[in-house]
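# Breakdown of the fold
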Amino acid sequence: MARLKPIWLCLDVVASALAGARRLHVAADFDGTLTPIVDHPDRARLSSRARRALTGLARLPGTRVALLSGRRLSDLRRRVRLTGAFLSGLSGLETLDRAGRLRVHLRPEQRLPRTLRRELAEWCARFPGAWLEDKRLAVALHYRAVPPGRRAVLAAGVRRMARRYPKVFCEHGKRVFDFKPRASWTKADALAWWLRGSLGPRADRRKKPGLLFFFGDDANDEPAYVWVRRRGGVTVAVGRRVSRAEYGVPTSDHVVWLLEWLEREWRARGPSRRGVASRRS
């Protein structure tokens, strides 16, 4: 972990990376990244401005757009309504490519044990304001509405419970504990899957897929930051002081501004200067 660089002070470096790219890949988390964190996940809405920015990027030659979320894929798809984008739900467990092919990257024997769900539900009942979100392949225990004085006790009990299930991965996010199978995919795996598909079946796999941007905000985005940076991409974390990302911005509004800036910069270069003639590149 390291302190983040303010990206607004480093746009010349980012612009230089864009100048040398033949293709542009833009991936983003949803909650807390494209939309502000709200009291309840059902209240999250993608603004019209954010949707226009994503749509504008997706339509440009030589670009691809992906959205990755801890939400179920069906929920993410309903909220973004973005044609031509790659979508991933449950932090990588579910993927939907541009051709509409849905994949679940989990074997039946890897699924969460039923006893864990029951124990979590019983523990939640002891803390007014806590509630359990069953995502079928994963579970999230939300406690944003729990009084501050009770949160430490709730968290200690959740961690004790998690230690009894060595095949389950427990991740602490923003007022939420996420439980998923330990052997399952991460957002980094989903990004790798997306980029392999975006190159096409006849592409030379030795060639770099282009310049990749990844925007995130929470703990489950950290593996993706590492993966993207190792491949020379640009990583941006929202609302964090330290992270494995390289750059930081204060709020989701800044992410939207950056997406609009990316669209303008990429459009201004033109397909002939990028060395791409169509979206097939």
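In this report, we go over the structure that sits alongside the text. Being a predicted model, the structure only gives us computed values, none of them experimental. (Residues numbered from 1 in each chain as written. Predicted model: local features only at pLDDT ≥ 70, side-chain atom pairs only at ≥ 80, totals over all residues. Heavy atoms only, no water.)

## What about the sheet that holds strand β10 (residues 168–172)?
Applicable threshold: At least two DSSP bridges between two strands are required for those strands to pair. Secondary structure is summarised from DSSP: a helix means a run of H or I of at least four residues, a strand means a run of E of at least two, and numbering begins at the N terminus for each. Axis definition: a line fitted to C-alpha atoms, over the contacting stretch in the case of helices. Angles run 0 to 180 degrees between N-to-C directions. By definition, residues are in contact when any of their heavy atoms lie within 4.5 Å.
The antiparallel open sheet is built from four strands, whose spatial order is β8-β9-β11-β10. In this open sheet, the two strands that pair with only one neighbour each are β8 (131–134) and β10. When the angles between neighbouring strand axes are averaged without regard to direction, this sheet yields 20°. Pairing of β10 with strand β11 (residues 176–181), which is carried by five bridges, proceeds in the antiparallel orientation. Each residue of the ladder has a partner; that of Glu171, found in β11, is Asp178. Here helix α4 (residues 114–124) sits on the sheet in contact with β8, β9 (139–142), β10 and β11, set at roughly 155° to β8. Packed onto the sheet, helix α5 (residues 148–163) meets β9, β10 and β11 and runs at close to 10° relative to β11.

## A few points about the environment of Gly20
The test is simple: Exposure classes here rest on a 1.4 Å probe applied to the protein chains alone. A residue is buried below 20% of its type maximum, exposed above 50%, and partly exposed in between.
If you trace the backbone, Gly20 turns up in the loop between α1 (11–19) and β3 (24–29). The exposure class of Gly20 is exposed, given its relative accessible area of 65%. For the pair Gly20 and Arg111, spaced 91 residues apart in sequence, the C-alpha to C-alpha distance is 43 Å.

## Remarks on α5
Keep this limit in mind: Each helix should span, by expectation, one fewer than its residue count multiplied by 1.5 Å.
Here α5 spans 24 Å end to end across 16 residues, near enough to the 22 Å set by a 1.5 Å rise per residue. Along α5, the residues classified as buried are Arg151, Leu154, Ala155, Gly157, Val158, Met161 and Ala162. Taken together, the buried residues of α5 touch α4, β9, β10 and β11.

## A word on the nonpolar core
Quick note on the threshold: Nonpolar core, defined: a set of buried Ala, Val, Leu, Ile, Met, Phe, Trp, Tyr and Cys residues in which side-chain atoms within 4.5 Å join the residues together.
Judged by nonpolar contacts, the single largest core of 43 residues is most densely connected at Leu34, Leu67, Phe213, Phe215 and Leu259. Here the element with the most residues in this core is helix α8 (residues 252–274); it accounts for seven residues. Ranked by size, the runner-up nonpolar core spans 20 residues in total, among them Leu120, Cys124, Tyr143 and Ala155.

## Here's the deal with helix α7 (residues 222–230)
Every buried residue belonging to α7 is among Glu222, Ala224, Tyr225, Trp227 and Val228, and all of these are buried. Gly232 sits one or two residues past α7 and shows a positive phi near 80°.

## Here we look at a positive patch on the surface
Using the following cut-off: Each patch is built from residues lacking any salt bridge and having more than 30% relative accessible area; the joining distance is 9 Å for like charges and 5 Å for nonpolar side chains (Val, Leu, Ile, Met, Phe, Trp, Tyr). Throughout, the Shrake-Rupley method with a 1.4 Å probe supplies accessible areas, and for residues the shown protein chains are the sole cover considered. We define a salt bridge as a contact between a side-chain nitrogen of Lys or Arg and a carboxyl oxygen of Asp or Glu at a distance within 4 Å. Counting rule for charge: Lys and Arg are taken as positive, Asp and Glu as negative, and neither His nor the chain ends is counted. Charge positions come from single atoms, namely NZ of Lys, CZ of Arg, CG of Asp or CD of Glu.
Together, Arg126, Arg150, Arg159, Arg160 and Arg163 make up a positively charged patch on the protein surface. Within the fold, Arg126 resides in the loop between α4 and β8. Taking the relative accessible area as the measure of exposure, Arg126 reaches 54% and is therefore exposed.

None of this, on its own, says anything about what the molecule does.
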